[in-house]
Amino acid sequence: MCKKAGYAVVGLGVGMAHVKAAAQSKRANLIAVCDLIQEKLDKVATEYPGTLTYQSFDEMLKNPDIDIVSICLPSAMHAEFAVKAMEAGKNVLVEKPIDITVEAAMKIEEARVRTGLKAGVVHQNRNNADMPPILDAVRSGKIGDLVYGDFEVKWYRTQEYYDNGGWRGTWEMDGGGSLMNQAVHTVDLMQWIMGDIESITSHMGIYGHDIQTEDLTVSLVKFKSGAAATFVSTTCAYPGINTGIKIYGTKGSIEADSDTLQLWKFIGADENEEKEMLEKFGGNGAAAALDPTLCTGHTSMVEDIIAAVLDDRDPQILPTEAIKSVRIVTSVYESAKTGKTIYFD
Ligand SMILES: NC(=O)c1ccc[n+]([C@@H]2O[C@H](COP(=O)([O-])OP(=O)(O)OC[C@H]3O[C@@H](n4cnc5c(N)ncnc54)[C@H](O)[C@@H]3O)[C@@H](O)[C@H]2O)c1
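Residues numbered from 1 in each chain as written. Predicted model: local features only at pLDDT ≥ 70, side-chain atom pairs only at ≥ 80, totals over all residues.

With that settled, the discussion passes to helix α6 (residues 131-139). Think of an α-helix as 3.6 residues a turn; residues three or four steps apart then line up on the same face. What α6 keeps buried is the set I134, A137 and V138. Each buried residue of α6 sits inside an arc of 95 degrees when the element is viewed along its axis, so together they form one side. Exposed side chains of α6 directed beyond 90 degrees from the buried face belong to P132, D136 and R139. On the buried face of α6, the contacting elements are β7 (146-154), α9 (184-194), β11 (242-249) and β12 (252-257). Positive phi shows up at G141, right after α6, with a value of about 90 degrees. (Buried ≥ 20, exposed ≤ 12 C-beta atoms within 10 Å, placed from the backbone. Helix = DSSP H or I, 4+ residues; strand = E, 2+ residues; numbered from the N terminus. Arc of directions from axis to C-beta. Contact = placed C-beta atoms within 7 Å.)

Looking along a regular strand, one sees the side chains alternate between the two faces of the sheet. Across the two faces of strand β4 (residues 68-71) the burial is the same, with I68 and S70 and V69 and I71 all buried. Pairing between strand β1 (residues 5-10) and β4: four bridges, direction parallel. Looking at the pairing, V9 lines up with S70 of β4. The pairing of β4 with strand β5 (residues 91-94) spans four bridges and is parallel. Bridge pairing in β5 places I68 opposite N91. As for the winding sense of the linkage, the β-α-β connection from β4 through helix α4 (residues 78-87) to β5 is right-handed. (Pairing = 2+ DSSP bridges. Right-handed = clockwise from strand over helix to strand, strands pointing away.)

The strand order across the open sheet formed by six strands is β3-β2-β1-β4-β5-β6, and the pairing between neighbours is parallel. This sheet does not close on itself; its edge strands, each paired only once, are β3 (52-54) and β6 (119-121). Mean inter-strand twist for the sheet, computed between neighbouring axes without regard to direction, equals 20 degrees. In this structure, strand β2 (residues 28-34) lies alongside β3, joined through three bridges in parallel fashion. Bridge pairing in β3 links A32 to L52. (Axes fitted to C-alpha atoms, helices over the stretch in contact; angles between N-to-C directions.)

The next subject is the domain arrangement of the protein. As assigned here, the protein comprises domain 1 (5-121 + 297-318) and domain 2 (126-291). In this structure, domain 1 and domain 2 have C-alpha centres spaced 27 Å apart. Contact with domain 1, which involves nine residues of that partner, is made by ten residues of domain 2. Across the side of domain 1 that touches domain 2, the residue classes break down as five nonpolar, three polar and one charged. (Domains from an automatic or database assignment. Nonpolar A, V, L, I, M, F, W, Y, C, P; charged D, E, K, R; others polar.)

Moving on to the packing of α9 against helix α12 (residues 319-338). At a minimum axis separation of 9 Å, α9 and α12 run at an interaxial angle of 110 degrees. When the interaxial angle is binned, α9 and α12 end up roughly perpendicular. Of the residues in α12, those touching α9 at V184, V187, D188 and Q191 are K324, S325, I328 and V329. Here the contact of α9 with α12 is composed, by residue class, of four nonpolar, two polar and two charged. (Parallel < 35°, antiparallel > 145°, perpendicular 65-115°, else oblique.)

Where β12 meets strand β13 (residues 260-266), six bridges bridge the pair, whose relative direction is antiparallel. From the neighbouring strand, E255 faces β13, where its bridge partner is L263.

With 94 residues, the main nonpolar core has I71, A82 and V94 as its most contacted residues. Of all the elements, α12 adds the most residues to this core, at eight residues. Looking at this core, you find at least three residues from each of domain 1 (5-121 + 297-318) and domain 2 (126-291). In contact with V94, other than residues within four places in its own chain, are I71, H78, A82, I108, A119, V121 and V122. (Core = buried A, V, L, I, M, F, W, Y, C linked by C-beta atoms within 7 Å.)

With that settled, consider the environment of N63. Take N63: it is sitting in the loop between α3 (57-61) and β4. Residues N63 and V221, spaced 158 residues apart in sequence, show a C-alpha to C-alpha distance of 46 Å. Setting aside residues up to four positions removed in sequence, N63 forms contacts with I31, A32 and L52.

Attention shifts here to unusual backbone geometry. Omega for the peptide link from K96 to P97 comes to -15 degrees, which places this bond in the cis form. Note on placement: P97 falls in the loop between β5 and α5 (102-115). That bond from Y238 to P239 is cis: its omega, 0 degrees, falls within 30 degrees of zero. For P239, the position within the fold is in the loop between β10 (228-234) and β11. Of note in the backbone geometry, D312 takes a positive phi value of approximately 50 degrees without being a glycine. Within the secondary structure layout, D312 lies in the loop between α11 (298-310) and α12. For D312, a count of 9 C-beta atoms within 10 Å corresponds to the exposed category.

Given below as structure tokens:
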């Protein structure tokens, strides 16, 4: 396909990052946006003249110029709207988490297979600058056998953040709290780096907010490889501390804060190696720990679904891959609620 892809976005919170990326893409035309709130539609119409605006998703789907729809709605609405879009012949890019249950997420995968359309999921942290060297050190065996991983998402969110929109911090629409919403990115990275999980044992609680769901989870994770990890997620860590990804193997140790390397030590390594790696991939951690509007990286995901559609290839993150983190998150909740260890197949 040599034409440009026609792009649309539903949900204009983080969806504005998709709007911006589509508008700037050389391979797409921003055609339309949809939201229930007229002021949000007016803002897009002003900033991106010529963009069509809809309050009805069904009406927007009738537009034949739209090839791809970004689904940026509250998390529990993702599967319903993604499936509807695919049934109308549109390819989809779905925000994280793919949905709040494995069963709902599977509906997106079933629709993808049934329609032959493209369905990608946003887990933009896989494209963080420090991910290629970390993955390479693990996959190549440089780090040796994995021993232990220490993952911590110590973020801060105000009560006002939860009150805004009415869906955050509810089991029905958010599907969870600090783990399902904020830390699901790091859950995705944990399973991507460390491999298949054998079991999870967890505690969770509500400590600093007036919400239904948790604002702290603490988990012990065992992997099929024999390695272990601890995973902590919270939105109570004022003022928003870090996203720690720490991996220790029999031949070395790596520590990162979000998208920046902090430590790179390997037995017998050249003494300049760590210095060079920290110069290249080091720095301060990402600011999303404090401020949700500072999440970055959507451009790579939007460009990826556009390329998948125009070049007829799979998107970077298929539903089957994104479902893994939802399964892990829901297992943490099940373990915390029942007091039992959850075993994976
Ligand atoms: N990838 C990331 O880093 C990242 C960052 C933030 C949010 N998210 C995800 O994006 C999704 C949306 O989160 P948000 O923070 O933007 O939420 P939000 O509440 O700010 O925005 C959601 C928008 O959807 C609109 N909406 C609701 N129902 C609708 C309907 N039936 N038709 C049309 N519009 C409707 C609302 O009016 C609202 O403007 C969530 O799943 C969240 O987890 C991802």
